[in-house]
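Here is how the chains run, residue by residue.
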2 protein chains.
Amino acid sequence: MRRGLEFKKKARIIIVDDNYDHLSGIKELIEIESDFDVVATATSASVAISLIKKYRPEIVLMDINMPEKDGLTAIAEIEKLDLGVRTIALTGYDDPDLIFRAMKIGAKGYILKTMASAQLIYAIDEVASGKIYLPATLSSRFFEYFQKSFKEETQTVNDEENLLNYLTQREEEVLDLLTQGITYKGVAQKLFISETTVKTHVNNIFQKLQVNDRTQAVLYALNNGFLNRRKVKIAI
Amino acid sequence: MRRGLEFKKKARIIIVDDNYDHLSGIKELIEIESDFDVVATATSASVAISLIKKYRPEIVLMDINMPEKDGLTAIAEIEKLDLGVRTIALTGYDDPDLIFRAMKIGAKGYILKTMASAQLIYAIDEVASGKIYLPATLSSRFFEYFQKSFKEETQTVNDEENLLNYLTQREEEVLDLLTQGITYKGVAQKLFISETTVKTHVNNIFQKLQVNDRTQAVLYALNNGFLNRRKVKIAI
DNA sequence: TGAAATATTAACCACATGGTCTAGATTCAA
DNA sequence: TTGAATCTAGACCATGTGGTTAATATTTCA
């Protein structure tokens, strides 16, 4: 009914919800209000997984209310299968942490059960057409959480308190090699200097970073933004 | 004109754009189409910063077209001032990486210059009222990029290839302490075992992780999801 | 120019670390 | 109950590591 492009193949959907009433409610809603094809339903994550392997739907509506873990890990597992299945998280909570984790593990949408049914249909439509859909209100929540996490992160790495800023360029080079687990001898060879020189640098680094050994130095470097420029990575 | 709550104080705005034509264009637009108060404009980031310190606006519209760096770092600096100024990034590019970085450093909105003027006004309105605003299309882009980053991250941590999975529980405990830069003696004391036993464990760990020393072991652990559960952190 | 910071090397020493082998105690699943 | 895995521990040895002091060359900046 509400689909924009009639010539497109009907998206096949699997719905997962541990509450059977909700499940059939959503199923009915979709069947009446849209022309998506609900090929299967499940009340548990494990059953859902095998159904997904069998039916290869385009879309999975996953309730993640169920006592915390199940819903999210189920999504993670589905993503891991790499079948091109696009999952939409469905829950009653707009907890930013939940939203964040859902998007992190690969959910292509996140809808609250309290939202208007039209929005659910719209979300499915968007996700089915390859987009990622997050309602403006949830999107806003997500970003607040996202930015807060970053702020807390970068707070610790604050210029004058960051002892890394007191290292000389050469010391940085040496530390850089230390963070790759290279020995004195190795560093000496790479930098074309004697092993003793390396030792001197390393000792100076230890003093400046106020640590006692290379492991602690490496840890300090890693925890305080060293090499943040090179390796663009997200690790939560 | 378009403000919803007339009793609210007019949001004060500073506009920053190195192109003077754009600058006055946007200024005019805002003055005509909305009742926000453009208290100042600037054509460079450094000038903008001092103006912001002086006028303490609620909103800053920051063009980040200017040769890459300037716009984004300016936003970062503004955030660092912690004056409660809310910055909206304004640019011609919908490059996901740009969007991602802008949101990362604390932009409260991101608008394309090609978007309808009404959308700019709406964005300012939303941001002025404390929300974070990202148009659906850009939001979608952001999430694709966001998820891609994560996928690349987690791909390397893949079960059987992750040598960490072959460690025994005791070995994990020992490695855990190693990742805190603790010596044999320290580990022995913490685990109430002899120093020799620790050495044995450590040697087994080295063999299983195929490394030669503690630094490399720690690096392997950190790069392969060890202790990912404890420390919830974002490091880009 | 002259002081300060930085980069380089040496020598000496104590100790931590890593490699290897052996071996008893315990636990756990076949 | 027997074998496998794990945890424990000791001995031996070579080498890497960290602490200290001192000295020279180079660079940088006031």
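Details of the structure are given in the entry above.
Computed from a predicted model, the values in this text were never measured in an experiment.

Caption draft 1: Fine view of the overall build of chain A. Within chain A, the regular secondary structure consists of ten helices and five strands. A buried classification covers 47% of the 236 residues belonging to chain A. Counting only contacts in chain A whose residues sit at least 6 apart along the sequence, the fraction spanning at least 24 positions is 65%. Carbon and sulfur atoms make up 50% of the accessible area of chain A, which totals about 11,700 Å².

Caption draft 2: Fine view of the sheet that holds strand E4 (residues 86-91) of chain B. Residue and element names in this part refer to chain B. Taken together, the five strands give an open sheet; going across it, the order is E2-E1-E3-E4-E5, and neighbouring strands pair in parallel fashion. Two strands bound the open sheet, and with one partner strand each, they are strand E2 (37-42) and strand E5 (109-112). If you compare each strand with its neighbour and ignore which way they point, the axes differ by 20° on average. Sheet analysis places strand E1 (residues 12-16) next to E2, joined by five bridges and oriented parallel. Paired with Arg12 across the bridge in E2 is Asp37. Sitting on the sheet, helix H2 (residues 45-55) is in contact with E1, E2 and strand E3 (59-63), with an inclination near 150° to E2.

Caption draft 3: View of the protein's contact with DNA strand C. Around DNA strand C sit 18 residues in total, of which Thr168(A), Arg170(A), Ser194(A), Thr197(A) and Lys199(B) are the nearest. Near-protein atoms of DNA strand C (within 4 Å) split between backbone and bases, with sugar and phosphate holding 65%. Separating a phosphate oxygen of DNA strand C from a side-chain N or O atom of Thr197(A) is a distance of 2.6 Å. Within the side chain of Asn203(B), one N or O atom sits 3.1 Å away from a phosphate oxygen of DNA strand C. Secondary structure elements with two or more residues in the surface near DNA strand C: helix H9 (195-209) of chain A together with helix H8 (184-191) and helix H9 (195-209) of chain B. When residues of the surface near DNA strand C are assigned to their parent elements, the largest contribution, five residues, is made by H9(A). Of the residues assigned to the surface near DNA strand C, the class counts are three nonpolar, nine polar and six charged.

Caption draft 4: Here's a closer look at the packing of aromatic side chains. On inspection of all chains with the given rule, the structure shows 21 aromatic pairs over all chains. Relative to Phe146(B), the ring of Phe100(A) lies with its centre 5.7 Å away and its plane at 65°, an arrangement referred to as edge-to-face. With Phe100(A) in helix H4 (residues 96-105) and Phe146(B) in helix H6 (residues 136-155), this residue pair bridges two chains. An identical accessibility class is assigned to Phe100(A) and Phe146(B); each is buried. Taking 5.4 Å as the distance between ring centres and 25° as the angle between the ring planes, the aromatic pair formed by Phe100(B) and Phe142(B) counts as stacked. Residue Phe100(B) is found in helix H4 (residues 96-105), and its partner Phe142(B) is found in helix H6; the two are separated by 42 residues along the sequence. Three or more aromatic residues joined by ring pairs form one cluster here, namely Phe100(A), Phe142(A), Phe143(A), Tyr145(A), Phe146(A), Phe100(B), Phe142(B), Phe143(B), Tyr145(B) and Phe146(B). Above the ring of Tyr184(B), the side-chain terminus of Arg214(B) is found at 5.2 Å from the ring centroid.

Caption draft 5: The arrangement of the protein's contact with DNA strand D in detail. Taken together, 19 residues sit near DNA strand D, with Lys199(A), Thr168(B), Arg170(B), Ser194(B) and Thr196(B) positioned nearest. For DNA strand D, a phosphate oxygen lies 2.7 Å from a polar atom in the side chain of Arg170(B). Taking Thr196(B), its side chain carries an N or O atom lying 3.2 Å from a phosphate oxygen of DNA strand D. Elements represented by at least two residues in the surface near DNA strand D include exactly helix H8 (184-191) and H9 of chain A together with helix H7 (169-178) and H9 of chain B. Residue classes in the surface near DNA strand D are distributed as three nonpolar, ten polar and six charged.

Caption draft 6: The arrangement of the environment of Arg170(B) in detail. All names here are of chain B. With respect to the helices and strands, Arg170 occurs in helix H7. Judged by relative accessible area, which is 30%, Arg170 ranks as partly exposed. Through-space distance from the C-alpha of Arg170 to that of Val198 is 9.8 Å; in sequence the pair is 28 residues apart. Beyond its immediate chain neighbours, meaning those up to four positions away, Arg170 contacts Leu191, Ile193 and His201.

What counts as what
- Residues numbered from 1 in each chain as written.
- Chains lettered and ligands numbered in written order.
- Predicted model: local features only at pLDDT ≥ 70, side-chain atom pairs only at ≥ 80, totals over all residues.
- Heavy atoms only, no water.
- Helix = DSSP H or I, 4+ residues; strand = E, 2+ residues; numbered from the N terminus.
- Buried < 20%, exposed > 50% of the residue type's maximum accessible area, 1.4 Å probe, protein only.
- Contact = heavy atoms within 4.5 Å.
- Areas by Shrake-Rupley, 256 points an atom, 1.4 Å probe, with all protein chains shown as cover.
- Pairing = 2+ DSSP bridges.
- Axes fitted to C-alpha atoms, helices over the stretch in contact; angles between N-to-C directions.
- Near = heavy atom within 4 Å.
- Polar contact = N/O pair within 3.5 Å; in protein donor to acceptor, adjacent residues only side chain to side chain.
- Nonpolar A, V, L, I, M, F, W, Y, C, P; charged D, E, K, R; others polar.
- Phe/Tyr/Trp six-rings, centres within 6.5 Å; stacked < 30°, edge-to-face > 60°.
- Lys NZ or Arg CZ within 6 Å of the ring centre and 35° of its normal.

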